[in-house]
Amino acid sequence: MTEQAKPQVPALEGWFTMDSDKPHLLGSQCTSCGTYYFPQQKNFCKNPSCDGEEFNEVPLSRTGKLWSFTNASYKPPAPFIADDPFVPYTIAAVELDKEKMVVLGQAVTGVDVSDLKAGMEMELVLETLFEDDESEKLTWKWKPVSV
Amino acid sequence: MSNEIAVIGVGMHPWGKWGKNFVEYGVKAARDAIKDAGIDWKDVGFVSGAATMRCGYPGYVAGATFAQALGWQGAEVNTSYAACASGSQALAAARAKILSGETEVALVIGADTTPKGFLAPQGGERPDDPDWVRFRLGITNPTYFALYARRRMEIYGDTQDDFALVKVKNAEHGFTNPYARYKKKFTAEDVAASAMVADPLRLMDVCATSDGGAALIVCSEAYAKKIGKADAVKVSAISTVTPTYASSVIEMPEMATDSGAVVEAQSFRAALPMKAYEEAGVGPEDVSLAEVYDLSTALELDWMEDLRLCERGAAAAMLRAGDTKLGGRLPINTSGGLACFGEAVPAQALSQVCELTWQLRGQAGDRQVENAKVGITANQGLFGHGSSVILTK
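Residues numbered from 1 in each chain as written. Chains lettered and ligands numbered in written order. Predicted model: local features only at pLDDT ≥ 70, side-chain atom pairs only at ≥ 80, totals over all residues. Heavy atoms only, no water.

1. What to know about a nonpolar patch on the surface
Residues and elements named next belong to chain B. Where we set the bar: Any residue with relative accessible area above 30% and no salt bridge may belong to a patch, with like charges joined within 9 Å and the nonpolar Val, Leu, Ile, Met, Phe, Trp and Tyr side chains within 5 Å. Per-residue and other accessible areas follow the Shrake-Rupley method at a 1.4 Å probe size, with only the shown protein chains counted as cover for residues. Definition used for salt bridges: Asp or Glu carboxyl oxygen within 4 Å of a side-chain nitrogen of Lys or Arg. Secondary structure is summarised from DSSP: a helix means a run of H or I of at least four residues, a strand means a run of E of at least two, and numbering begins at the N terminus for each. A 1.4 Å probe rolled over the protein chains alone gives each residue an accessible area, and that area as a share of the maximum for its type sets the label: buried under 20%, exposed over 50%, partly exposed in between.
Judged by side-chain polarity, M53, Y57, Y60 and Y81 come together as a nonpolar surface patch covering roughly 460 Å² of accessible area. Mapping Y81 onto the fold places it in the loop between strand 3 (76–80) and helix 4 (86–99). Classification of Y81 as partly exposed rests on a relative accessible area of 39%.

Below, the structure is given as C-alpha cells:
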C-alpha cells in the first residue's frame, strides 16, 4: 500500500467545519429564543414556548466536560463501515457548557475506557471514519484535553 | 374511582425463539385471557392491538389481524405503536373506549416474532434520519444503555458487580416462571465471564430479543360486577407522558440532547410515574412490587429511582440489601423481567400487566409477593417517551 493522500471529505455534509486544527460542530440557534440545536434545526423551534422559524448556523463550543463514556466491542451493523478485522472503539458523551447539551461521538483512536473519567475536559478533533476508493471520510471525535 | 377499569383476564405465550408467525403467539395468549376471564370471544367489543414493525403488513394492523385470526365477530379495532411502550398505549386506547361507554369489554393484545442479532436501521443512504446517522457513526443501541450505566458508576459509585447482581436476582425470579425464555440461575461469575458488549455492560447485562405474546381482557367495573368479578384487579393509572422541553437525557437514536441554554433541562423519566401516582391516588410508599424495563441490568436501578421507590443514587444499596428480591421489602421484576424474557416489543408492556395481575390475585405461585396490593410498571419508547401503569387490588 502506498501512502497516497486521498482527498478528505466530511462523512456528513454540513455537520462540522473541516478545520483540521480547531474544528467545530455546526449547530443552529433560534433567532427568537436563543436555544441551540445539533444537528441543525432549520424550520421550527422545538421550545414549546417559542414560535420561532428562523435560525442562524452557529459553531458550537469545541470543548466540554465528559458526561459518560463506553465502547463498541462488537462490530455495529450497516450503515456503519467497519475495518476488517473490526477494531473496537471508545465512545464519549460530552456536555457543552454554553449550549448545555450533551453530544455523542467516538473518542479518538488510542483512547481507552480506562483513560476516561466523568468530568474530564474534552475537545473536538477530526479523524477518519472510513475511506473508500475516492476519499477519506472524516468525522468529529472527542479527545481528552490532557492527552 | 370512576376512571378505573377491571382486568378480568390475562394470558401469555411463552417467550423464546420459536420462529413461528407472530399471530400464532397472540391468538394463544388471547384465548388464554378469554378463558381466564370466563367470557366468550364474541362478548369482546373492542380489540386493541400493539403493532409490530417486523412482521409486514399484518403487524401494522395488529388489531384487525388478531380480530380476524380469532374469528371476525364485528368488534371494533385499533392499533397502537410506541416501540416498547406500545402495549400501554393499546391499553390506554381500550380504557378510553370503555370509560366513554362505547364498549364494555376489550381485548388488549401484542405479539412479535423477532429477527436474529442486532436491531439495525432501514437500508439506503439516509443522512436526514437520525437513526441512520448514528449507526453510520458507530452508535448502536447498547451504546445508550452503557452510557447510563457508566454514569451511575461515575456519579453514585455503582459497580459492575451491582449490575451483575440485578441479573442474578432476576434469573432467580424467572426460574420458575413458565412463560420465561431463560430459566437458569445465572451466577455473578457467569455474568463476569460473558463477553463485553459496551463497557461496562456485558452480554448478560443486556437483554435479548425474543418471540412472545401477551393479552388482557379489560372491562368496565359494571361489567365485572355483572359477571361476578367485582373484586377483579383494577387498572388505576396509565401514564404515557412525553418529556417537557428541554429533555436532558441522551436518548436513542439522537446524537445530542436538547439544549438547556434557555429552558431548564428536565428528565421525562421522573415525570412519567408522577402522573401515574397522581391518577391512581397512591404514592411510592404504597407500592408492593414493580415490573420495570430492565433492558440493561443497570437500567433497572435507574427506574427504581425514577419511580421514587428510593432516593436518587440509593438503588444499588437497596439491591445489595436484598430489598428488591422475592421476600424482600419491595420486589422488582418478580416475573424475571426482560433479563429472563428478552424483548418482544409489542408484548412486553402487557406481560408486565399480566405479572402484576397474577401477583395481586395471589396466583403467582413460587413468585408470589405476600399481600401484594399495588403494582407499578415502567417502560420506555423511542425518542424519550415511555409508559407507566398502576394496578391495584
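The rest of the description comes next.
2. Details of the nonpolar core
Cut-off, in case you're wondering: Each nonpolar core is a collection of buried residues, namely Ala, Val, Leu, Ile, Met, Phe, Trp, Tyr and Cys, held together in the definition by side-chain atoms within 4.5 Å. Working rule for contacts: check all heavy atoms of both residues, and any pair within 4.5 Å makes them a contact.
In terms of nonpolar packing, the biggest core is built from 94 residues, with A:L25, A:F38, A:V103, A:W140, A:W142 and B:I390 touching the most fellow members. No other element matches helix 6 (residues 141–156) of chain B, which puts 7 residues into this core. Dropping the residues within four chain positions of it, B:I390 is found in contact with B:K234, B:V235, B:S236, B:A237, B:A276, B:Y277, B:A280, B:V282, B:V374, B:G375 and B:I376. Among the nonpolar cores identified, the runner-up in size contains 37 residues, and B:A90, B:V235, B:C354 and B:A364 belong to it.

3. A look at the interface of chain B and chain A
So the rule is basically this: When two parts are put together, the accessible area they lose, computed with a 1.4 Å probe and summed over both, is reported as buried area.
Facing the 38 residues of chain B at the interface are 44 residues of chain A. Summed over both partners, the interface of chain B with chain A comes to about 3500 Å²; 66% of that surface belongs to carbon and sulfur atoms. Sorting the residues of chain B by area buried against chain A places B:R136, B:L137 and B:Y245 first, and these three jointly supply 19% of that buried surface. A salt bridge links B:E154 to A:K117, with the nearest nitrogen and oxygen atoms 3.3 Å apart. Counting residues per element, the ones that place at least two in the side of chain B that touches chain A are helix 5 (130–136), helix 6 and strand 5 (196–198) of chain B.

4. Focus on the side chain of B:R269
Here B:R269 shows up in helix 10 (residues 268–280). On the basis of relative accessibility, which here comes to 5%, the residue B:R269 falls in the buried class.

5. Some points on the packing of helix 7 (residues 160–174) of chain B against helix 11 (residues 297–306) of chain B
Residue and element names in this part refer to chain B. The line we're drawing: Helix axes use the C-alpha atoms of the stretch in contact, all axes being lines fitted to C-alpha atoms, and the angles between their N-to-C directions lie in the range 0 to 180 degrees. Any angle from 65 to 115 degrees is called roughly perpendicular, while one under 35 is roughly parallel, one over 145 is roughly antiparallel, and all others are oblique. Only Asp, Glu, Lys and Arg are considered charged, only Ala, Val, Leu, Ile, Met, Phe, Trp, Tyr, Cys and Pro nonpolar, and every remaining residue, Gly among them, polar.
Close contact between helix 7 and helix 11 brings their axes to 7 Å; oriented N to C, the two are set at 90 degrees. What the angle tells us is that helix 7 and helix 11 run roughly perpendicular. In contact with F163, V166, K167, K169 and N170 of helix 7, helix 11 contributes T297, A298, E300 and L301. Considered class by class, the residues forming the contact of helix 7 with helix 11 number 4 nonpolar, 2 polar and 3 charged.

6. Quick notes on helix 14 (residues 345–361) of chain B
Residue and element names in this part refer to chain B. For clarity, the cut-off: One less than the residue count of a helix, multiplied by 1.5 Å, gives the span that helix is expected to have.
For helix 14, built from 17 residues, the straight-helix expectation of 24 Å at 1.5 Å per residue is met to within 8% by its first-to-last C-alpha distance of 26 Å. The buried fraction of helix 14 is high, at 16 of 17 residues. Within two residues after helix 14, G362 carries a phi angle of roughly 80 degrees, on the positive side.

7. A few points about the pattern of salt bridges
Pairing of side chains with opposite charge becomes possible as their charged atoms draw close. Taken as a whole and judged by the stated rule, the model has 30 salt bridges over all chains. Close ionic contact of A:K6 with A:E131 constitutes a salt bridge, the shortest N to O distance being 2.9 Å. With A:K6 in the segment before strand 1 (8–10) and A:E131 in strand 8 (residues 121–131), this pair connects stretches of sequence that are 125 residues apart. Given a relative accessible area of 45%, A:E131 falls into the partly exposed group. Ionic pairing is found between B:R152 and B:D158, a salt bridge with its closest N-O pair at 2.6 Å. Exposure class is identical for B:R152 and B:D158. Each is buried. Within the structure, one salt-bridge network assembled from shared partners comprises B:R152, B:D158, B:D302, B:E305, B:D306 and B:R312.

8. Some points on the environment of B:D36
All names here are of chain B. To keep things clear, this is the line we draw: Counting of polar contacts relies on pairs of N or O atoms within 3.5 Å, with two restrictions inside protein: one atom must be capable of donating a hydrogen and the other of accepting it, and residues adjacent in sequence are counted only when both atoms are side-chain atoms.
In this fold, D36 is placed in helix 1 (residues 22–37). Given a relative accessible area of 26%, D36 falls into the partly exposed group. Measuring from C-alpha to C-alpha, the distance between D36 and G63 comes to 20 Å, with 27 residues separating the pair along the chain. Among all residues touching D36, those that are not within four sequence positions of it are I8, G9, V10, K229 and R361. Within the structure, D36 has its side chain in polar contact with the side chain of R361 (distance 3.0 Å).

9. Details of the environment of A:N56
Structurally, A:N56 can be placed in strand 4 (residues 55–59). Sequence spacing of A:N56 and A:K42 is 14 residues, and the spatial spacing of their C-alpha atoms is 8.5 Å.

10. Examining the sheet that holds strand 2 (residues 26–30) of chain A
Either a parallel or an antiparallel arrangement is found when strands of a sheet pair, and the pairing is made through backbone hydrogen bonds. All names here are of chain A. Inclusion rule: Strand pairing is defined by DSSP finding a minimum of two bridges between the two strands.
Read across the open sheet, the 3 strands follow the order 3-2-4; overall the sheet is antiparallel. Edge positions in the open sheet fall to strand 3 (36–37) and strand 4, since each of these has one partner strand only. Where strand 2 and strand 4 come together, 5 bridges link them in antiparallel fashion. Residue C30 lies in a different strand from strand 4, and its bridge partner there is F55.

11. Section: unusual backbone geometry
Residue and element names in this part refer to chain B. In this chain, Y245 is followed by A246 through a cis amide linkage whose omega measures 5 degrees. Following the sequence through the fold, A246 ends up in the loop between strand 8 (233–239) and helix 10. Here the residue pair M252 and P253 is connected by a cis peptide bond, since its omega of 0 degrees sits within 30 degrees of zero. The residue P253 is located in the loop between strand 8 and helix 10 in this model. In this model, A83 sits at a positive phi of 50 degrees, which is unusual for a non-glycine residue. Position of A83 among the secondary structure elements: in the loop between strand 3 and helix 4. Classification of A83 as buried rests on a relative accessible area of 8%.

12. A closer look at the domain arrangement of chain B
All names here are of chain B. The cut-off we apply is this: Domain delimitation in this document rests on an assignment produced automatically or drawn from a domain database.
Domain boundaries in chain B define domain 1 (5–117 + 209–226) and domain 2 (235–392). With centres defined by C-alpha atoms, the gap from domain 1 to domain 2 works out at 22 Å. The interface is formed by 39 residues belonging to domain 1 together with 31 residues belonging to domain 2. For the pairing of domain 1 and domain 2, the buried interface totals around 2700 Å² over both sides, and the portion due to carbon and sulfur atoms is 69%. Where domain 1 meets domain 2, there are 8 residue pairs in polar contact (both at pLDDT 80 or more). Residue assignment for the side of domain 1 that touches domain 2 shows that the elements contributing at least two residues are strand 1 (5–16), helix 4, strand 4 (105–112) and strand 7 (211–219). Partitioned by chemical class, the residues of the side of domain 1 that touches domain 2 number 21 nonpolar, 13 polar and 5 charged.

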